[in-house]
Amino acid sequence: MGLTDMVEIATTTNITTTKKKMSIQVSLNGLSFCILDKERQEIEYLKRFDFEKQLDPVKVLARIELIIEQEPLLQQQVEEASLFFTNTLFTLVPLDLFDEAQAVSYLKFNTKILKTDFIAHDEINQELVNVYIPYANIINYFFDMFGEFEYRHSLSVLIESLLHHKTSEAPQAYLHTHLQHYELIVIQNSKLIFANSFEFETKEDFIYYLLFTFEQLDLDPEVVELTLLGDITKNSKEYEIAYRYIKNVSFLGMFHNYSFSEAAMPEYPLADYLTIKSLT
């Protein structure tokens, strides 16, 4: 997955007896934790921690340590763990053209790369490679905690999950929001047509990037179906403006078969789409 010895580190075996899996979402704007009891297929812990402002990876790690110290359920041993990073430090490359030795070259055109940055990559459906920069200090922390675990980029998780949906011959657009950014995915005939991430501050920013992408891809807002997921709701300004300009707007339906403990019951499950899908 990565391009350094950290790949070998991430394959060290951690033997536990608990039939549980934990998924963790890490971004510079917040964190999410989810724990699944695999035998009962019940999510027993699901909690999100949004930061008051964007932090750097060192301060994010300090928050992780504090949260785990304060949350007893996060201190338990688990059989499996998966970590995924949400950031805009990525680029997609066709698998046939991917050369691991050139990973830095793929990123340098749209991402500022520091000498200390660790570069990783995910293979997606045997067709694409997502090259990205994770946060090495956070990977090392969870290695000390779990031993063996998987880490990926959130866009990889999102694309793979949506490609498994039944699609038609017509293009279908999916928009996943997380705080002040969203990923826009377009799929046709079970093939990825477009995938990118956009940061926005206002609802006008939000709709501008969406309509501009539709225009560039020659997608008709009167025809194309737009499916929403993530933390966008019918009460949000972003939904209101999308509904104004896009004729066919809907929310993603049921996407899992898990039950929830009373303490973990989410108010809006789509806001935790990636955290829950990472359990599969």
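Predicted model only: the values in this text are computed from it and were never measured.

Participant: Hey, could you run me through the packing of helix H6 (residues 203-216) against helix H7 (residues 237-245) in this one?
Facilitator: A pair of packed helices is characterised by two quantities: the angle between their axes and the separation of those axes. Their axes nearest at 9 Å, the elements H6 and H7 cross at an angle of 40°. Between H6 and H7, the interaxial angle falls into the category oblique. When you trace H6 past H7, the crossing you get is right-handed. Residues Lys203, Phe206, Ile207 and Leu211 of H6 lie in contact with H7, whose contacting residues are Lys237, Glu238, Ile241, Ala242, Arg244 and Tyr245. Split into classes, the residues belonging to the contact of H6 with H7 amount to six nonpolar, no polar and four charged.

Participant: In this structure, what is going on with the nonpolar core? I would like to understand it.
Facilitator: Ranked by internal contacts, the top residues of the largest apolar core, which has 61 residues, are Val26, Ile43, Leu83, Ile138 and Phe142. If one sorts the elements of this core by residue count, helix H5 (residues 154-163) sits on top with six residues. Residues within four places of Val26 in sequence aside, it is in contact with Leu31, Val60, Ile64, Leu83, Phe84, Phe85, Thr86, Tyr135 and Ile138. Judged by nonpolar contacts, the second largest core, of 22 residues, contains Leu184, Phe200, Val224 and Tyr239.

Participant: Sorry if this is basic, but what is going on with the sheet that holds strand S12 (residues 225-230) here?
Facilitator: Consider a sheet: its strands pair through backbone hydrogen bonds, and that pairing is either parallel or antiparallel. In space, the five strands of this open sheet follow the order S11-S10-S9-S12-S13, with mixed pairing throughout. The sheet is open, and its two edges are formed by strand S11 (191-199) and strand S13 (248-251), each paired on a single side. Averaged over all adjacent pairs, the angle separating strand axes in this sheet is 20°, with direction ignored. The pairing of strand S10 (residues 181-188) with S11 spans eight bridges and is antiparallel. When the sheet's bridge partners are listed, Leu184 is paired in S11 with Asn196. Contacting strand S9 (172-178), S10, S11 and S12, H5 crosses the sheet at an angle of about 35° to S10.

Participant: Mind showing me how you'd approach the sheet that holds strand S2 (residues 30-37) here?
Facilitator: Overall, mixed pairing links the six strands, which are arranged S8-S4-S1-S2-S3-S14 in an open sheet. The outermost strands of the open sheet, each flanked by one partner alone, are strand S8 (150-153) and strand S14 (259-260). Sheet topology note: the S2/strand S3 (residues 42-50) ladder contains eight bridges and is antiparallel. When the sheet's bridge partners are listed, Asp37 is paired in S3 with Glu42. Running over the sheet, helix H4 (residues 136-146) touches strand S1 (20-27), strand S4 (80-85) and S8 and is turned about 175° from S4. Seen against the sheet, H5 touches S4 and S8 and runs at an angle of roughly 80° to S8.

The rules behind these values
- Residues numbered from 1 in each chain as written.
- Predicted model: local features only at pLDDT ≥ 70, side-chain atom pairs only at ≥ 80, totals over all residues.
- Heavy atoms only, no water.
- Axes fitted to C-alpha atoms, helices over the stretch in contact; angles between N-to-C directions.
- Helix = DSSP H or I, 4+ residues; strand = E, 2+ residues; numbered from the N terminus.
- Parallel < 35°, antiparallel > 145°, perpendicular 65-115°, else oblique.
- Left-handed = near helix turned anticlockwise from the far one by under 90°.
- Contact = heavy atoms within 4.5 Å.
- Nonpolar A, V, L, I, M, F, W, Y, C, P; charged D, E, K, R; others polar.
- Core = buried A, V, L, I, M, F, W, Y, C linked by side-chain atoms within 4.5 Å.
- Buried < 20%, exposed > 50% of the residue type's maximum accessible area, 1.4 Å probe, protein only.
- Pairing = 2+ DSSP bridges.

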